[in-house]
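What the coordinates show
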Amino acid sequence: MKLYDGGKIIIGLLIFVGIATFPFYYNIGKVNAKPEPKVDTPAIQEWEKQYGKKECVESKEFMRTEHMQLINLWRDSVVRNMNRQYISTSNHKKFNMSLQNGCMQCHSNKKKFCDECHNYMAVKPFCWDCHIQPKEKEENKS
Amino acid sequence: MSMDRRQFLKIAGISSILGFGASVANATHPIWVKGLDPSQVEPNKDALTAKRWAMVVDMSKFKTDEDFKKTIDACHLTHNVPDFRNPDGSVDTRKEIKWIWKAAYENAFPGQPNKFMDEHLKEMPFLVLCNHCDNPPCVRVCPTKATFKLPNGITMQDMHRCIGCRFCMAGCPYGARSFNWVDPRKAINPERENKEYPTRTKGVVEKCTFCSERLEIGKMPACVEAAPKGGLVFGDIEDPNSEVRKIVSTKYTIRRKSDLGTGPAVYYLIGGSDHA
């Protein structure tokens, strides 16, 4: 079997493979950095001092996977049914169902909490188009 | 076995629902399917409640420009309503967002004025806002149920659901709704914004909510608190002992365009400046 213009074709193929796999070797080590959301805001530390442990409105595992549905349901409850208090099924405490006046009062570190995972997963929720995000120091940007 | 296209699609459809659907349903938490249990939520214990919220605007109490300004600013600052201005400082009426504003008598009550009416009445501005109608056209035309009636009579809206079709603006006979043509944050002073309330985004329609969010935590509407004493009276019109009911049942009040059958819940007491 004879490969006509073999040299050109092989060089072309090598260039193609190089370009096609560029994103993979370019990002080696970078993207694999695990997102590490921080739960160490002053409000959370205060909570820990008062109750002896860090706790959210539901368990950590639940919040990790289902928080988006929970806050969707909260919105319907508040806006449409006028029920503003949430009674936790995990610790039976009452919480104000509100992003600005609830969630973000503890999680005042949006960049190190929300964005940490959302950026990693490349999801762009549009909460902050309307809801006012907490003021953070610029140094957190990096 | 031969099979026509229709049969194939039927079988393919059913099997994908059974297989795929079942695996998805099993993989997710029940909260995605069942939502919140009623036992998980309750109203705020301080909430003000009513069978039917209503407002009386006593025009005799609004004497100076400052009286109007104070009332309007209180609302607009509480709800992060943008203030679009032209380069010369006048209001940019093409982008303007209004929750509560001033209108001339002939605009607020078309059909009422006559040629020889009281000059004062003719010239005086009226405080107008969403009328929270019993039978609101905006709710009827909204294709996404973004605007809806709460059981207490408030015509409420869920900004998350608004698709910006502006049917409600065409439906509303009071011009109570404003559309966000541009990002409202461009015209909100970050130092004066209310951190407890969201802004809106480009492409949604907004209006007065009778301060539903304040009533639910036990506060009176922002405009009522800021208005001159007795200028705005707010309460449950179905409660025979409420102040609004007493005013409406003992004095002559008018409502805007009540002949349209929308059943507005904002009543105007007009008595010139020296009685009522």
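Note that the structure is predicted; figures quoted are calculated from it, not measured. (Residues numbered from 1 in each chain as written. Chains lettered and ligands numbered in written order. Predicted model: local features only at pLDDT ≥ 70, side-chain atom pairs only at ≥ 80, totals over all residues.)

1. Remarks on the overall build of chain A
A tally of regular secondary structure across chain A gives seven helices and two strands. Along chain A, helices and strands appear, N-terminal first, in the series α-α-α-α-β-β-α-α-α. Over its C-alpha atoms chain A spans a radius of gyration of 23 Å, topping by over 25% the 14 Å that the globule rule assigns to 142 residues. The C-alpha extent of chain A, read off along each of the three principal axes, is 80 × 35 × 30 Å. Sequence separation of 24 or more characterises 60% of the internal contacts of chain A that already satisfy a separation of 6 or more. (Helix = DSSP H or I, 4+ residues; strand = E, 2+ residues; numbered from the N terminus. Rg over C-alpha atoms; globule rule 2.2 N^0.38 Å. Contact = placed C-beta atoms within 7 Å.)

2. Description of the interface of chain B and chain A
The partner chain A presents 22 residues to the 23 residues of chain B that form the contact. Per-class residue counts for the side of chain B that touches chain A are nine nonpolar, seven polar and seven charged. One ladder, built from two bridges, connects strand E1 (residues 85–87) of chain A with strand E1 (residues 41–42) of chain B; its direction is antiparallel. Following the sheet pairing, Tyr86(A) is matched in E1(B) by Val41(B). (Nonpolar A, V, L, I, M, F, W, Y, C, P; charged D, E, K, R; others polar. Pairing = 2+ DSSP bridges.)

3. Here we look at the sheet that holds E1(B)
In space, the three strands of this open sheet follow the order E2(A)-E1(A)-E1(B), with antiparallel pairing throughout. Across the chains shown, the open sheet's two edge strands, defined by having one partner strand only, are strand E2 (94–96) of chain A together with E1 of chain B.

4. A look at the nonpolar core
In terms of nonpolar packing, the biggest core is built from 67 residues, with Met55(B), Val57(B) and Ile100(B) touching the most fellow members. Contact partners of Met55(B), with chain neighbours within four places excluded, come to Leu232(B), Val233(B), Phe234(B), Val244(B), Ala265(B) and Val266(B). Judged by nonpolar contacts, the second largest core, of five residues, contains Ile44(A), Leu99(A), Met104(A) and Cys106(A). (Core = buried A, V, L, I, M, F, W, Y, C linked by C-beta atoms within 7 Å. Buried ≥ 20, exposed ≤ 12 C-beta atoms within 10 Å, placed from the backbone.)

5. With respect to helix H4 (residues 60–81) of chain A
All names here are of chain A. The end-to-end C-alpha distance of H4 is 27 Å, clearly below the 32 Å that 22 residues give at a rise of 1.5 Å each. At Glu66, H4 is bent by approximately 80°, the largest bend along its length. All of the buried residues along H4 are Leu70, Leu73, Trp74, Ser77, Val78 and Val79. Backbone geometry just downstream of H4 places Met82 in the positive-phi region, at approximately 60°. (Expected span 1.5 Å × (residues − 1). Bend = angle between axes of the 7 residues up to and from the residue.)

6. Some remarks on the domain arrangement of chain B
When the domains of chain B are assigned, the result is domain 1 (5–40) and domain 2 (53–269). Using only C-alpha atoms to locate each centre, domain 1 of chain B and domain 2 of chain B end up separated by 44 Å. (Domains from an automatic or database assignment.)

7. Structural notes on the confidence of the model for chain B
Residues and elements named next belong to chain B. For chain B, mean pLDDT is 90; residues scoring 70 or higher make up 95% of the total. Residue range residues 272–276 is modelled with pLDDT below 50. Its contacts to residues more than four positions away, or to other chains, number twelve contacts. Under the prediction, the complex receives an ipTM of 0.82, its pTM being 0.81. (pLDDT = per-residue confidence, 0-100.)

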